[in-house]
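Descriptive analysis of the structure
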Amino acid sequence: AAGVIQSPRHLIKEKRETATLKCYPIPRHDTVYWYQQGPGQDPQFLISFYEKMQSDKGSIPDRFSAQQFSDYHSELNMSSLELGDSALYFCASSSMRWAYNEQFFGPGTRLTVL
Amino acid sequence: AQTVTQSQPEMSVQEAETVTLSCTYDTSESDYYLFWYKQPPSRQMILVIRQEAYKQQNATENRFSVNFQKAAKSFSLKISDSQLGDAAMYFCAYRSLGGSNYKLTFGKGTLLTVNP
């Protein structure tokens, strides 16, 4: 079965640079979630989109922005990168049509800021 | 806001034995979902089991079962016949039932070691 695809899998950036993370949800899923997991931490919710509209917002820095496109893929844009942004970034997708609206996670993008 | 607490940062179990991981949560909502996720060294997040708060029956998935105590806001995970492949970080997670708030709120995790 198709799973959530994230690219790139690994990304190394310098401080103050920008990064773009991409997420391709499972086909026919209409909702995308972004989570940030710092070293030794639990995943923290950043933002979600339903049918290309922002549906919820968590502790996402103002330096970050995200959107969901017409083909339902999503991109997380991160500017003025800081050392503390080094983390594993998960994308998850779900379908509101399913009873449990279960979130399926991608493999994550590991961002390292030097 | 909902909070999830896992009071055991680390646990260990002998292969083939049973282990229970604890989770408590705080919420003012009456209906919600609770989940246990497994994160092996690959860092992939894998759903282990889910529980609907409106269901009194405890969920079971093969060797994994939960003890859901709604009044006590407790949601523990029992792993029977532990296997080496069960070694991982386990996260307890909460999710609201409706509205637009479907985000998962995670506990800090419990690192499970399985000894051969």
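All of the points below concern the structure found in this document. (Residues numbered from 1 in each chain as written. Chains lettered and ligands numbered in written order. Predicted model: local features only at pLDDT ≥ 70, side-chain atom pairs only at ≥ 80, totals over all residues. Heavy atoms only, no water.)

**Some points on the pattern of salt bridges**
Under the defined criterion, the tally for this structure stands at eight salt bridges over all chains. Linked through salt bridges whose partners overlap, the residues forming this network are Arg63(A), Glu82(A) and Asp85(A). (Salt bridge = Lys/Arg side-chain N within 4 Å of Asp/Glu carboxyl O.)

**Regarding the environment of Asn58(B)**
Residues and elements named next belong to chain B. Within the secondary structure, Asn-58 is located in the loop between β6 (46-52) and β7 (60-61). Separated by 17 residues in the primary sequence, Asn-58 and Phe-75 place their C-alpha atoms 9.6 Å from one another. In this structure, Asn-58 is in contact with Gln-51, Val-66, Asn-67 and Phe-68, ignoring residues within four places of it in sequence. A polar side-chain atom of Asn-58 sits 2.9 Å from the main-chain amide nitrogen of Phe-68. (Helix = DSSP H or I, 4+ residues; strand = E, 2+ residues; numbered from the N terminus. Contact = heavy atoms within 4.5 Å. Polar contact = N/O pair within 3.5 Å; in protein donor to acceptor, adjacent residues only side chain to side chain.)

**Re the interface of chain A and chain B**
Residue-level contacts link 21 residues of chain A with 20 residues of chain B. Summing both partners gives a buried area of about 1900 Å² for chain A against chain B, and 48% of it is carried by carbon and sulfur. Considering only the side of chain A, the residues that lose the most area to chain B are Asp42(A), Tyr100(A) and Phe105(A), jointly responsible for 30% of the buried surface there. Applying the counting rule to chain A against chain B returns two salt bridges. Put simply, Asp42(A) and Lys108(B) hold a salt bridge, and the shortest N to O gap is 3.2 Å. At the junction of chain A with chain B, the criterion picks out eight residue pairs in polar contact (both at pLDDT 80 or more). Here the element with the most residues in the side of chain A that touches chain B is strand β4 (residues 31-37) of chain A; it accounts for three residues. (Buried area = accessible area lost by both parts, 1.4 Å probe.)

Functional significance is not addressed by these values, which are geometric in nature.
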